[in-house]
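# A look at the structure
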Amino acid sequence: MRKESRHWHAIWSGDTGYEKFEVHGRPTNHVVDLGKRLCTCQFWMLTGIRCVHACAALARVNKHPEDFYHKSIQGNIQVPHQSYSWPSLLGTKSV
């Protein structure tokens, strides 16, 4: 998500909490509210996972995207370790 967010440019809207941003990209623009954890693309609201537009706004204020999952799923997320491997769905091959 972070790599994709570099194609979006977050512009602070001037609010006192430094939480509202216009995020510009092609072909569309979006509005992100970090305080309410909302974006006009609605991905963040529907999934609870921040979208690329929110990541662009978070990068603008030097905050960690990992701290901005939606509150309703924040306690249920488990990030696998890099060495984690998915079990094979095909099972073992018998000869």
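Note that the structure is a prediction, hence the values are computed from the model and not measured.

Here we take up the nonpolar core. In this structure, Phe21, Val23, Val32, Leu34, Trp44 and Ala57 are the most contacted members of the largest nonpolar core, which totals 16 residues. Where this core is concerned, the elements lending two or more residues are strand 2 (20–24) and helix 3 (52–60). Among the elements that make up this core, the one with the highest residue count is helix 3 (five residues). Ignoring sequence-local partners within four residues, the contact set of Ala57 consists of Ala10, Phe21, Val32 and Leu34.

Burial within helix 3 is extensive, with seven of its nine residues counted as buried. Taken as a whole, helix 3 has its buried residues at Val52, His53, Ala54, Cys55, Ala56, Ala57 and Leu58. Positive backbone phi, approximately 55°, marks Asn62, located one or two places after helix 3.

Secondary-structure assignment places Asp33 in strand 3 (residues 29–33). Counting along the chain gives 20 residues from Asp33 to Ser13, while the straight-line C-alpha distance between them is 9.9 Å. Ignoring sequence-local partners within four residues, the contact set of Asp33 consists of Glu19, Lys20, Leu38 and Trp44.

Taken in spatial order, the four strands of this open sheet run 1-2-3-4, and their pairing is antiparallel. Single-partner strands in this sheet number two, and they are strand 1 (9–12) and strand 4 (38–39). Two strands pair when backbone bridges link them, and strand 2 and strand 3 are joined in this way by five bridges, in the antiparallel orientation. Residue pairing in the sheet places Val23 in a bridge with His30 of strand 3.

Attention shifts here to a nonpolar patch on the surface. Among the surface-exposed residues, Leu38, Met45 and Leu46 lie close enough to one another that they form a single nonpolar patch of about 300 Å² accessible area. Assessed through its relative accessible area of 66%, Leu46 is described here as exposed.

Now for the pairing of strand 3. Count of turn residues in the strand 2/strand 3 antiparallel hairpin: four residues. As judged from the two bridges shared by strand 3 and strand 4, these two strands associate in the antiparallel manner. Bridged to Asp33 within strand 4 is Leu38. Between the antiparallel neighbours strand 3 and strand 4 lie four residues, among them Arg37 with a positive phi of about 55°.

Basis of the calculations
Residues numbered from 1 in each chain as written. Predicted model: local features only at pLDDT ≥ 70, side-chain atom pairs only at ≥ 80, totals over all residues. Heavy atoms only, no water. Core = buried A, V, L, I, M, F, W, Y, C linked by side-chain atoms within 4.5 Å. Buried < 20%, exposed > 50% of the residue type's maximum accessible area, 1.4 Å probe, protein only. Helix = DSSP H or I, 4+ residues; strand = E, 2+ residues; numbered from the N terminus. Contact = heavy atoms within 4.5 Å. Pairing = 2+ DSSP bridges. Patch = residues over 30% accessible without salt bridge, like charges linked within 9 Å, V, L, I, M, F, W, Y side chains within 5 Å. Areas by Shrake-Rupley, 256 points an atom, 1.4 Å probe, with all protein chains shown as cover. Salt bridge = Lys/Arg side-chain N within 4 Å of Asp/Glu carboxyl O.

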